[in-house]
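Chain residues, written in single-letter form:
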Amino acid sequence: MSWTPDQPIVSIKDVHKSFGPVEVLRGISMDVMKGEVVCIIGPSGSGKSTLIRCINALNDIQSGSITVEGQEVHDPKLDKLALRKKVGMVFQQYNLFPHKTALQNVMMAPIKVLKQNRADVEVRARALLKKVRLEGKEDSYPGELSGGQQQRVAIARSLAMNPDVMLFDEVTAALDPETVKEVLVTIKDLAADGMTCILVTHEMGFAREIADRVYFTDKGVIVEYGPPATFFEQAKDPRTRQFLSQIL
Amino acid sequence: MKTLSNHAPVKGHLPVLLPVRRVLLSDIPLQDRLFNVWTAAALLLAFVAAAVGPSFAQAEAAPARSIAAILLEWTPSLALAFGFNVLISIFAMAIGTVMGVGLGILQVSPTAAVRKTAWVVTQFFRNSPWLVLLFYCILLIPFKVSLFGVSVPFPGWIKAVIGLSLPVMAYMSEFMRGAILSIPTGQWESASSLGFSRGQTMREIILPQTVKRVLPPWMNLYAVLTMATPLVSIVGVNEVMSVTRAALSAEGRVDLLIPMYLYILCWFFIYCYPISALTSRLERRFAVKL
Ligand SMILES: Nc1ncnc2c1ncn2[C@@H]1O[C@H](COP(=O)(O)OP(=O)(O)OP(=O)(O)O)[C@@H](O)[C@H]1O
Ligand SMILES: [Mg+2]
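Calculation criteria
- Note on numbering: residues in each chain are counted from 1, in written sequence order.
- Labels are handed out in written order, letters beginning with A for the chains and numbers beginning with 1 for the ligands.
- With pLDDT at 70 or above as the cut-off, local features in this predicted model cover only qualifying residues; side-chain atom pairs require 80 or more to be listed or tallied, and sums for whole chains, interfaces and linings still use all residues.
- In computing side-chain properties, one takes all heavy atoms of the structure into account and sets aside hydrogens as well as water.
- UniProt positions are given in the numbering used here, feature names are shortened, and annotations may be inferred rather than shown by experiment.
- Helix and strand assignments follow DSSP, with helices taken as H or I runs no shorter than four residues and strands as E runs no shorter than two, numbered in order from the N terminus.
- Here the globule rule is a power law, 2.2 Å times the number of residues to the power 0.38, and the radius of gyration is based on C-alpha atoms.
- Classification of residues uses two cut-offs on accessible area relative to the type maximum, computed with a 1.4 Å probe and protein chains only: under 20% is buried, over 50% is exposed, and between them is partly exposed.
- Under the convention used here, a 1.4 Å probe and the Shrake-Rupley method define accessible areas, while residue burial counts only the protein chains that appear.
- Note that His is not counted, nor are the chain ends; the positive residues are Lys and Arg, and the negative ones are Asp and Glu.
- Charge placement uses NZ in Lys and CZ in Arg. For Asp and Glu, CG and CD serve respectively.
- Contacts are assigned to residue pairs with any non-hydrogen atoms lying within 4.5 Å of each other.
- What a helix is expected to span follows from its residue count: subtract one and scale by 1.5 Å.
- Each aromatic pair joins two rings of Phe, Tyr and Trp (for Trp, the six-membered one) with centres within 6.5 Å, and gets the label stacked for planes under 30 degrees apart, edge-to-face for over 60, and tilted for any other angle.
- Note on geometry: a ring has a charge over it if NZ (lysine) or CZ (arginine) is within 6 Å of the ring centre and within 35 degrees of the ring normal.

- In the annotation of an unreviewed UniProt entry, chain B is listed under the name Amino acid ABC transporter permease and assigned to Albidovulum marisflavi.
- Entered under Sequence similarities (unreviewed entry) in the UniProt record, the comment concerning chain B runs "Belongs to the binding-protein-dependent transport system permease family. HisMQ subfamily."

**Let's talk about the overall build of chain A**
- Looking only at helices and strands, chain A features nine helices and 10 strands.
- Relative to the 2.2 N^0.38 estimate, which gives 18 Å for 248 residues, the radius of gyration of chain A is 18 Å and therefore close to what a compact globule would have.
- Its C-alpha atoms give chain A principal-axis dimensions of about 55 × 45 × 35 Å.
- Here chain A holds 248 residues, and the buried ones make up 55% of them.
- For chain A, the exposed surface amounts to about 10900 Å²; the carbon and sulfur share of it is 49%.
- For chain A, the separation between the mean place of its 31 positive charges and that of its 31 negative charges on side chains is 3 Å.

**Describing the overall build of chain B**
- Assigned secondary structure in chain B consists of 10 helices and two strands.
- In chain B, the succession of helices and strands from N to C terminus is α-α-α-α-α-β-β-α-α-α-α-α.
- Looking at chain B alone, contacts between residues at least 24 apart form 72% of all its contacts between residues at least 6 apart.
- Here chain B has roughly 16100 Å² of accessible surface; of this, 72% comes from carbon and sulfur atoms.

**With respect to helix 4 (residues 112–126) of chain B**
Residues and elements named next belong to chain B.
- Helix length check: helix 4, at 15 residues, gives a terminal C-alpha distance of 21 Å against a target of 21 Å (1.5 Å per residue), a fit within 8%.
- Along helix 4, the residues classified as buried are A118, T122, Q123 and F125.
- Of the surrounding elements, those touching the buried residues of helix 4 are helix 3 (67–106), helix 5 (130–140) and helix 6 (156–182).

**What to know about the packing of aromatic side chains**
- The final tally for this structure, using the stated rule, is 13 aromatic pairs over all chains.
- Where F97 of chain A meets F196 of chain B, the ring centres are 6.3 Å apart and the plane angle is 90°; that geometry is what we call edge-to-face. Of this pair, F97 of chain A sits in the loop between strand 6 (87–90) and helix 3 (102–112) while F196 of chain B sits in the loop between helix 7 (185–193) and helix 8 (198–228), which puts the two residues in different chains.
- Residue class for F97 of chain A comes out buried when judged on its relative accessible area of 0%.
- Judged by relative accessible area, F196 of chain B falls into the buried class, the value being 4%.
- Here the aromatic residues F82, Y222, Y263, W267, F268 and Y271 of chain B are joined through ring pairs into a cluster of three or more.
- One cation-aromatic arrangement involves K17 of chain A over F19 of chain A; the distance from NZ or CZ to the ring centre is 4.6 Å.
- Of note, R126 of chain B hangs over the ring of Y171 of chain B, and the distance from its end group to the ring centre comes to 5.9 Å.

**Section: the UniProt feature "domain: ABC transmembrane type-1" (unreviewed entry) in chain B**
- Under the present numbering, the feature "domain: ABC transmembrane type-1" (unreviewed entry) in UniProt falls on residues 82–279 of chain B.
- Spanning residues 82–279 of chain B, this segment combines 77% helix with 4% strand, and its end C-alpha atoms are found 22 Å apart.

This is the structure we're talking about:
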């Protein structure tokens, strides 16, 4: 079964996931086409992080299927490396490697994992740092950077692997209101370049602006989804409306 | 040195927040309060007094050599023997560290059987008296081992090195386990989402970050190990305690006993004190920097 770009790049079908006796995902389905930007919103504990982590196999699932470019993510025979090359992930807590400079953080995976030539990687890494507007910070250690700067290094680090899909899990949640914007601008640039993005976010204005579709999750199910205009203006489900009224 | 200060002597107080560096007695770790330049000087003074005092008293009574002169005479042999202690400590530390790092990594293995075995080995050697471990090594390791037709001799001092490296290994294993587990899981997750394998993550990302945490207890362990080297006198190695005993029996003078052992204590102190001083400095620096 080979994947063609007219099929969903990420396809999630009836996924169930439990942590012990607690069922966190209770039948989630979602299709994302290449180049689409999808936002997932929902109350705390509704399983947003769990879902996004299942997409790049950081969590396993009990039943259902998740494919990325037609490849089953939870196939025990899956080549994890092949998956990780396709899917980049950015975390709320940045998780930069503190003993490496910004440039080294970006260069590490292409050199060690993809075994690419160091000189080529460095040229690309510098270009990526420039793209996330961090020129001049190449030799700074994560501890010397602000939260927003660290998060942009983390984005550049993921991009260095040339992923086809980027996952963002509340990447601005730990930031000051002023620095949130600089990270959102970076993601917007990415989306404009045609990167497929799946974002968990609490930034409703941002979701409305860049998303092709917004999904609302509650208690492990997708309650409702739709293009931002209809979703935010004419939500049908009372749970969605209640959530939106609280947050907007 | 006590100064008036309205700051509570909180541990981990950020120095950057303090306008002036004020030292409170209670701020100084007990270790530093006991072992510092002043106590060292006092000790040395006591030693000189003990060594020189009696010799003045006996000066007219008997033409016996002064204690100081005797100590001086024995100094070259004692120094050579002490060098042997240092050598043994360095070898034991090197072997123990390498094995301990490996064992520590096994202690966090995802395979339960490996993890548990490493834990048992660690706990066993960490909770055995060092002297007993030494005895076992001396009894169990043959004089020489034939490997592929090549016979490797195992003299007593090498057995002693192996014996001492076992507890070092166990302590090191615990330090490593603690340090590895103290690295936030986010580091593992981001590495794995970048395609790093478990081994690569360990080597490239986790282990380098543990160095800072393990360095101070590792240095402390080395000082403790050095102070434990006199234990190997039981193997008949010419280390400093054996030579001291030999010297004492050769001189046959009761009044020499205390000054001679005090002299040896000073040697150990002078060697180990800088290490523990540096350790506490590193500990304080890392405590603030994290
Ligand atoms: N490793 C785990 N072990 C056990 N339970 C977990 C684990 N990770 C998540 N959970 C549980 O799964 C549920 C969903 O968690 P998840 O992190 O996916 O929520 P979320 O929607 O991302 O919430 P938030 O907005 O607070 O980040 C929570 O009840 C949480 O306690
Ligand atoms: Mg979450």
